[in-house]
Amino acid sequence: MSDMILYHYALSPYSEKIRAMLGYTGMSWESVTVREIPPRPQLNRLAGGYRRVPVAQIGADIFCDSKTIAAEIARISGKANLALETCDHEVREFANRLDSEFLLACFGTALGNSLIKKLLKTLSLLDFGRFMWDRIKMGRKSSLQQMSGKEAKALTREYLERMEKMLEGDSLFGDQPNIADFNAYHGLWFIQDVAELNVIKNYPSVIGWMERINAFGHGTRTEISAEQAIDIATGQQPRPLPIDNQDEEWMGQFVSISPSDYGKDPVKGVLVANLAHSWILQRRVNGSSTVHVHFPKQGFTLEVVR
Ligand SMILES: N[C@@H](CCC(=O)N[C@@H](CS)C(=O)NCC(=O)O)C(=O)O
């Protein structure tokens, strides 16, 4: 068992990215299934109000955003190329575009009747209404550029053409998958498996590549309750802080960290590490226990709370 607990839900593409990485690395992990819409009270107790999914937990350390989770999977599995920061510039740049521009294009492409039918199979009518309202509200506050359906479909095709050309080996950058493959996979998974639209039929190399990633599966998953996960966090101390590369700025101060694009709910706590690519906040849980909440710097902002 890897000791990793993943908070996720079935229809979440970013969660699927992590589940696929767990499959690729053959890891065993524990699963806490959360609702598709807030409130998620138990997760909030640990992650302090971070509203997005997935979140991972290892003991009393909580990892927000798929970038920090991927870096943990890379560390545990020894597959360094799953961490954005260890990849070279070309991979990083493409992986970032896949995770933002391409994913948005995939959402726009997937939007339609068959996605609505799928959501209605999973959610009650009332929850479907709540889900739509919640995402509309989140979208209104988002700083991401909006795309029409037509633009989304054209952009999806553009990326598919590029990927088809890149796939000379088994993966986008040679024979071994790296973070770019998983960042490309989750958007296409959302179109193909969730919305059940076949957009890859004219791209044979992409079809083969999707089949290979699907075949990784999700690793070995054991379901646990959110309460069990809280007991695990409160029953131990966070792991020792990294000693290398610490920048003293803001250290020991009470700060607030939020995503800079959407779902911007802030998480407050004492900054205990300011690393090259991440911040770590210390928070109290249940009055006496301590957790460390990890955030990537990319895509997040930090403010000192005065
Ligand atoms: N940059 C974040 C994005 C995560 C994200 O947007 N997740 C979606 C689900 S796939 C989400 O949280 N949606 C709102 C919600 O589930 O409450 C990451 O890489 O983890």
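I will try to describe carefully the structure that is included in this document.

Thresholds applied
Residues numbered from 1 in each chain as written. Predicted model: local features only at pLDDT ≥ 70, side-chain atom pairs only at ≥ 80, totals over all residues. Near = placed C-beta within 6 Å. Helix = DSSP H or I, 4+ residues; strand = E, 2+ residues; numbered from the N terminus. Nonpolar A, V, L, I, M, F, W, Y, C, P; charged D, E, K, R; others polar. Pairing = 2+ DSSP bridges. Axes fitted to C-alpha atoms, helices over the stretch in contact; angles between N-to-C directions. Parallel < 35°, antiparallel > 145°, perpendicular 65-115°, else oblique. Left-handed = near helix turned anticlockwise from the far one by under 90°. Contact = placed C-beta atoms within 7 Å. Expected span 1.5 Å × (residues − 1). Buried ≥ 20, exposed ≤ 12 C-beta atoms within 10 Å, placed from the backbone. Arc of directions from axis to C-beta.

### Topic: the site of the ligand
Alright, step 1. With respect to spatial proximity, 13 residues lie near the ligand, and among them S12, Y14, R52, D65 and S66 are the closest.
Alright, step 2. Of all the secondary structure elements, the ones that give two or more residues to the shell around the ligand are α1 (13-24) and α3 (66-77).
Alright, step 3. By residue class, the composition of the shell around the ligand is 5 nonpolar, 4 polar and 4 charged.

### Quick word on the pairing of strand β7 (residues 267-274)
Alright, step 1. Note that strand β6 (residues 254-259) and β7 share 4 bridges and pair antiparallel. The residue bridging S256 from the neighbouring strand is K268, located in β7.
Alright, step 2. Across 4 bridges, the pairing between β7 and strand β8 (residues 278-285) is antiparallel. In the strand pairing of β8, N274 is matched with W279.
Alright, step 3. The hairpin turn running from β7 into β8, its antiparallel successor, is 3 residues long.

### Quick word on the packing of helix α4 (residues 89-110) against helix α7 (residues 149-166)
Alright, step 1. Where α4 contacts α7, the two axes come as close as 8 Å, and the packing angle between them is 125°. One way to sum up the angle between α4 and α7 is to call them oblique. As for how α4 packs across α7, the hand of that crossing is left-handed. On the side of α4, the interface is formed by F102, A105, C106, G108 and T109, while α7 contributes G149, A152, K153, L155, T156 and Y159.
Alright, step 2. When grouped by side-chain class, the residues that make up the contact of α4 with α7 number 6 nonpolar, 4 polar and 1 charged.

### Some points on α7
Alright, step 1. A rise of 1.5 Å per residue sets the reference length of α7, with its 18 residues, at 26 Å; its end C-alpha atoms lie 26 Å apart and thus fit the reference within 8%.
Alright, step 2. Among the residues of α7, those classed as buried are T156, Y159, L160 and M163. In an axial view of α7, the angular spread of the buried residues amounts to 105°, which keeps them on one side of the axis. Relative to its buried face, α7 has exposed residues pointing more than 90 degrees away, namely K150 and K165.

### Quick notes on the packing of α1 against helix α8 (residues 179-194)
Alright, step 1. Contact geometry for α1 and α8: axes closest at 8 Å, N-to-C directions at 125°. Relative to α8, α1 is oriented oblique. In this structure, α1 meets α8 at a crossing whose hand is right-handed. Together, P13, Y14, E16, K17, A20 and M21 of α1 and F182, N183, Y185, H186, G187, W189 and F190 of α8 make up the contact between the two elements.
Alright, step 2. Along the lines of polarity and charge, the residues of the contact of α1 with α8 split into 8 nonpolar, 3 polar and 2 charged.

### Concerning unusual backbone geometry
Alright, step 1. In this model, P38 is joined to P39 through a cis peptide bond whose omega is 5°.
Alright, step 2. With an omega of 10°, the peptide bond between V53 and P54 qualifies as cis.
Alright, step 3. Mapping P54 onto the fold places it in the loop between α2 (41-47) and β3 (55-58).
Alright, step 4. In this structure, E196 takes a positive phi of about 55° despite not being glycine.
Alright, step 5. Looking at the element boundaries, E196 is found in the loop between α8 and α9 (204-216).
Alright, step 6. The class for E196 is exposed, based on 12 C-beta atoms found within 10 Å.

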